[in-house]
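# Fold and geometry: a report
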Amino acid sequence: MAKRVNSANLIVRESIETALIQLMGRKPFGEITVSEIVEKAGVSRVSYYRNYYYKEDVLFAKMDKIAAEWKSQTESNGKELGEQVIDLFEMERPILGVIYKNGLEHLMYKLIRKYCGLEEKIDNNVGAYFLSMFAGAFFGWCDEWVKRGMQETPEQIKELLKQWEEQQKLKTNG
């Protein structure tokens with residue numbers, strides 16, 4: 001779906017995204033109606049459908065904005081991709097609770113796949129399968145972190161990841 005990019009439409013989109021997240025804090029995602037979203041956002045149904053097909057599209061758009069900010073911060077920071085994915089989950093922390101409470105974790109996986117380049121056509125089969133494996137592994141790692149309440153800091157999670165990598169090297173070499 002083509003999205004409008006003028007400033008008024010950006011405000012409409014932000015209002016819709018914020019309204020949905022606020023509603024998700026009070027009731028299950030499946031029970032929220034488009035009528036409730038547009039009423040809370042103060043926009044028309046036409047504005048909603050001009051920008052989104054499904055409620056999941058609204059939520060994914062919000063998550064994608066956060067991820068785009070994350071990507072702009074990580075492009076030159078020299079961190080390994082795994083560390084960057086952990087940073088992404090940390091940036092998404094404010095909405096992860098409502099995502100997980102509503103069983104929408106697959107949106108986080110979709111986001112990781114997008115930022116690993118898996119939405120683009122990859123002609124190299126080995127590269128495509130490797131990226132898919134990487135996306136799944138890091139989603140699993142971060143998914144467990146979220147399900148455990150994100151009690152560890154991102155630095156502690158990164159340290160656990162380094163410990164795991166060292167264990168794998170020892171198994172391979174020893």
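What comes next is a walk through the structure. These numbers were taken from a predicted model, which means no experiment stands behind them.

Relative orientation of the contacting elements helix α4 (residues 55-74) and helix α6 (residues 106-115) amounts to 45°, with a least axis distance of 10 Å. Compared by their axis directions, α4 and α6 come out oblique. Pair α4 / α6 crosses with right-handed handedness. The residues of α6 that touch α4, namely those facing E56, L59, F60, M63, D64, A67, A68, W70 and K71, are H106, L107, M108, K110, L111, K114 and Y115. Split by residue class, the contact of α4 with α6 holds 10 nonpolar, one polar and five charged.

The geometry of helix α7 (residues 125-147) relative to helix α8 (residues 154-173) is characterised by a closest axis approach of 12 Å and an angle of 135° between their N-to-C directions. Our classification of the angle between α7 and α8 gives oblique. Along this stretch, α7 crosses α8, giving a crossing that reads as right-handed. Counted together, F138, W141 and W145 of α7 and P154, I157, L160, L161 and W164 of α8 form the full contact between these two elements. Here the residues of the contact of α7 with α8 are counted per class, giving eight nonpolar, no polar and no charged.

Side-chain pairs of opposite charge can arise where the charged atoms are in close proximity. Overall, the coordinates contain nine salt bridges when judged by the stated rule. The partner of E90 in a salt bridge is R93, with the nearest N and O atoms 3.0 Å apart. A residue pair is termed a helical-turn pair when its members lie 3 or 4 positions apart in one helix, as E90 and R93 do in helix α5 (residues 81-101) at three residues. Since its relative accessible area comes to 30%, R93 is described here as partly exposed. Where salt bridges share partners, they join E14, E17, K62 and K65 into one cluster.

As a further point, take the nonpolar core. Grouped burial of nonpolar side chains is what soluble globular proteins tend to show. In this structure, I16, L59 and F89 are the most contacted members of the largest nonpolar core, which totals 51 residues. At the level of elements, α1 (7-24), α2 (34-41), α4, α5, α6, α7 and α8 are the ones that each hand at least two residues to this core. Per-element accounting of this core gives the leading share, nine residues, to α5. Not counting residues within four places of it along the chain, the set of residues in contact with L59 comprises L20, I21, M24, I99, L104 and L107.

When the terminal C-alpha atoms of α4 are compared, their 29 Å separation across 20 residues agrees well with the 28 Å that a helix rising 1.5 Å per residue should span. Taken together, the buried positions of α4 are occupied by K55, V58, L59, F60, A61, K62, M63, D64, I66, A67, W70 and T74.

Below, the discussion takes up the side chain of S47. Among the secondary structure elements, S47 is positioned in helix α3 (residues 45-51). What makes S47 buried here is its relative accessible area of 11%. Other than its neighbours up to four places away in sequence, S47 contacts V12 and I16.

So, about the packing of aromatic side chains. The final tally for this structure, using the stated rule, is five aromatic pairs. Geometrically, the ring pair formed by Y48 and Y49 is edge-to-face, given 4.9 Å between the ring centres and 80° between the ring planes. Note on Y48: relative accessible area 0%, which makes it buried. A residue is classified by how much of its surface remains accessible, and Y49, at 37% relative accessible area, is partly exposed. An angle of 50° between the planes, with centres 6.2 Å apart, marks the rings of Y53 and Y54 as tilted. Taken individually, Y53 and Y54 each receive the classification exposed, so the pair is uniform in this respect. Taken together, the ring pairs in this structure connect Y48, Y49 and Y52 into an aromatic cluster.

Take unusual backbone geometry next. Phi is positive for M150, close to 50°, though the residue is something other than glycine. Residue placement: M150 occurs in the loop between α7 and α8. The exposure class assigned to M150 is buried, which follows from its relative accessible area of 8%.

So, how was this worked out
Residues numbered from 1 in each chain as written. Predicted model: local features only at pLDDT ≥ 70, side-chain atom pairs only at ≥ 80, totals over all residues. Heavy atoms only, no water. Axes fitted to C-alpha atoms, helices over the stretch in contact; angles between N-to-C directions. Helix = DSSP H or I, 4+ residues; strand = E, 2+ residues; numbered from the N terminus. Parallel < 35°, antiparallel > 145°, perpendicular 65-115°, else oblique. Left-handed = near helix turned anticlockwise from the far one by under 90°. Contact = heavy atoms within 4.5 Å. Nonpolar A, V, L, I, M, F, W, Y, C, P; charged D, E, K, R; others polar. Salt bridge = Lys/Arg side-chain N within 4 Å of Asp/Glu carboxyl O. Buried < 20%, exposed > 50% of the residue type's maximum accessible area, 1.4 Å probe, protein only. Core = buried A, V, L, I, M, F, W, Y, C linked by side-chain atoms within 4.5 Å. Expected span 1.5 Å × (residues − 1). Phe/Tyr/Trp six-rings, centres within 6.5 Å; stacked < 30°, edge-to-face > 60°.

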